[in-house]
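For reference, the chains in residue letters:
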Amino acid sequence: MNDPLLTLLQTKARYSHTELAEALSLSPEDVSARIAAWEKDGTILGYQAVIDDDKVGDLGVSAFIEVKVTPERGGGFDRLAMRVARFDQVVSCYLASGGYDLMVVVEGADLREVASFVSRKLSTLDGVISTATHFRLKTYKEMGFVFEQEEPEGRLPVTP
Amino acid sequence: MDYVAKISRQVASIPRSGIRDFFELVQGRDDVISLGVGEPDFATPWHIREAAIYSLEKGHTSYTSNLGLLSLRKEISRYVSAFFGVDYAPGSEVLVTVGVSEAIDLALRALLNPGDEVIYHSPCYVSYLPSIALAYGVPVDVPTRKADDFALKAAMLEAAITPKTRVLMLNFPTNPTGAVMPPAELEKIAALCIKHDLIVLSDEIYCELRYDEDAHVSIASLPGMKERTILLHGFSKAFAMTGFRLGYACAPAPLIEAMMKIHQYAMLCAPITSQAAALEALENGSAAMMKMRDSYHRRRDFVVGRLNEIGLDCHSPGGAFYVFPDIRETGLSSKDFAMKLLDAEDVAAVPGDAFGEAGEGFLRCCYATSFEELKTAMNRIDRFVNSL
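**Student:** So what's going on with the packing of helix α5 (residues 70-84) of chain B against helix α11 (residues 272-284) of chain B? Residues and values would help.
**Tutor:** Each packed pair of helices is defined by two parameters, the angle between the axes and the distance between the axes. All names here are of chain B. Across the interface, α5 lies against α11 with an axial gap of 10 Å and an inter-helix angle of 35°. α11 is crossed by α5, and the crossing has left-handed handedness. Listed contacts from α11 to S71, L72, E75, I76 and Y79 of α5 are Q275, A278, L279, L282 and E283.

Written out as structure tokens, the structure reads:
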């Protein structure tokens with residue numbers, strides 16, 4: 001990310017425009033105008049809290065699904081990938097190199113919901129050759145945030 | 001050719017919709033924030049759209065049974081049983097229609113002989129009066145009042161019943177007021193229907209969109225009422241599927257059979273693609289529906305709060321996605337208020353009298369529009385009211 005404002009927003013999205021401006025020595029008007037333009041043209045797609053599900057006792061499950069796909073003439077993988085991506089259960093969807101084509105991350109209330117999504121929606125699509133579902137067991141890091149709180153560092157207030 | 005003479009007297013006598021008049025004025029104006037559109041601002045949830053696409057891909061493009069796909073009727077029966085607590089046999093007591101609008105037309109045509117009276121409460125949805133008239137019935141309107149939060153009072157209903165009354169039409173939650181029925185009053189109304197041997201046509205299209213603690217009660221679920229109720233429901237509002245045009249009627253078999261007689265010749269069947277989408281909505285749509293409902297709930301609270309702050313007295317409606325503020329304090333008629341608001345501030349809301357005389361002095365504002373737009377609209381209404 002070359003733009004310092006975008007870089008800062010990735011970890012400090014909740015900063016006010018004044019705070020962002022102060023941190024980067026910009027004017028608040030400039031910050032507001034640039035953010036508004038990015039929101040409008042889709043450079044910034046949204047803002048969200050990164051939540052440790054275990055802490056809130058959320059029993060939902062996530063799965064990483066490798067999908068092999070027959071590319072379409074003309075459209076390649078895009079049309080099918082978009083069709084999969086738009087389901088509410090799909091939180092991420094990537095085209096990947098290697099042994100499979102699409103990596104689809106799915107969330108559901110329980111195993112049954114995810115299994116039903118894979119068997120009834122995903123694998124029945126024309127063009128889907130096979131799927132391999134891997135359930136998530138534990139999260140160590142997400143969206144740049146490490147899930148284990150680090151010990152407060154024992155840095156001295158004054159050092160030689 | 002003298003086309004006027006070629007149009008049937010019955011059709012010629014039907015007045016144009018007041019909403020349509022108003023919206024012809026709004027058309028072509030830029031920068032108008034519309035609080036006038038009576039449909040969800042969400043696109044149909046993707047999984048439902050995808051089911052429609054899938055069914056097309058698989059070549060499901062034929063007619064279905066006149067009653068609708070049996071798999072859909074089974075699912076409707078299950079849903080209605082769980083939501084309303086009334087059991088209908090999928091084979092003979094459920095009819096899939098092209099929206100609730102078609103179902104209303106079918107029911108009225110199936111039930112009425114010329115001159116039969118039909119009671120409905122007003123302000124009400126704009127199609128009720130013309131639908132009754134087109135079925136050669138006589139519309140009898142019972143006003144509801146702000147003092148009662150626009151619920152129908154049994155005493156006022158009873159005063160309107162005559163020996164010619166055949167049908168009572170109910171629509172709770174109500175378009176345009178968002179009113180819901182207190183269960184105790186609904187029980188009194190049920191007792192009147194039994195006493196006077198009326199058939200009830202209950203349009204409950206907004207029933208999932210309820211925002212307060214009390215659950216929705218259908219008149220069909222009250223003792224002795226299933227046998228005399230035609231329960232009408234559909235997918236447009238709760239699942240944001242207006243364009244799919246899909247509704248259904250649940251009623252005793254002889255009534256469904258009579259409605260089906262008209263439906264099979266006038267419509268044949270509801271579109272199969274829409275039926276496939278509806279099946280998906282009932283099987284897997286509850287999470288998406290609840291998300292939309294919660295979003296309407298937040299917007300209702302915001303709009304009701306702002307309108308009362310502005311000084312337009314507005315009860316907090318229990319359902320649907322409309323608020324019905326009282327604008328009489330301003331000294332303007334509904335029409336004048338709506339026209340001046342549109343001219344001065346580019347906010348479109350429908351004058352209450354478009355929904356019957358009982359709506360005069362009120363304005364229907366639909367809050368199924370984005371939060372940002374609602375905020376701007378409320379600020380503009382504030383400025384407008386202060387300028388009067």
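**Student:** Let's hear about the interface of chain B and chain A: which residues, and what values?
**Tutor:** Taken together, the contact pairs 6 residues of chain B with 5 residues of chain A. When residues of the side of chain B that touches chain A are assigned to their parent elements, the largest contribution, 4 residues, is made by helix α4 (residues 46-57) of chain B. Residues of the side of chain B that touches chain A, tallied by class, amount to 3 nonpolar, 1 polar and 2 charged.

**Student:** Describe the domain arrangement of chain B, listing the residues and the values that go with them.
**Tutor:** All names here are of chain B. Domains assigned within chain B are domain 1 (3-44 + 287-387) and domain 2 (46-284). The interface is formed by 35 residues belonging to domain 1 together with 35 residues belonging to domain 2. Looking at the side of domain 1 that touches domain 2, the elements with two or more residues in it are α3 (18-26), α12 (286-310) and β9 (322-323). In terms of residues, the side of domain 1 that touches domain 2 owes the most to one element, α12, which gives 6 residues. Taken together, the residues of the side of domain 1 that touches domain 2 sort by class into 17 nonpolar, 13 polar and 5 charged.

**Student:** Break down the pairing of strand β12 (residues 363-366) of chain B for me, citing the residues and quoting the values.
**Tutor:** For a regular strand, side chains alternate in direction, first toward one face of the sheet and then toward the other. Residues and elements named next belong to chain B. Along β12, one buried face is formed by L363 and C365 and the opposite face, lined by R364 and C366, is buried too. Sheet topology note: the β9/β12 ladder contains 2 bridges and is antiparallel. Directly across from Y322, in β12, lies its bridge partner C366. Sheet topology places strand β11 (residues 350-351) next to β12; 2 bridges connect them, and they run antiparallel. Paired with V350 across the bridge in β12 is R364.

Scoring rules and cut-offs
Residues numbered from 1 in each chain as written. Chains lettered and ligands numbered in written order. Predicted model: local features only at pLDDT ≥ 70, side-chain atom pairs only at ≥ 80, totals over all residues. Axes fitted to C-alpha atoms, helices over the stretch in contact; angles between N-to-C directions. Helix = DSSP H or I, 4+ residues; strand = E, 2+ residues; numbered from the N terminus. Left-handed = near helix turned anticlockwise from the far one by under 90°. Contact = placed C-beta atoms within 7 Å. Nonpolar A, V, L, I, M, F, W, Y, C, P; charged D, E, K, R; others polar. Domains from an automatic or database assignment. Buried ≥ 20, exposed ≤ 12 C-beta atoms within 10 Å, placed from the backbone. Pairing = 2+ DSSP bridges.

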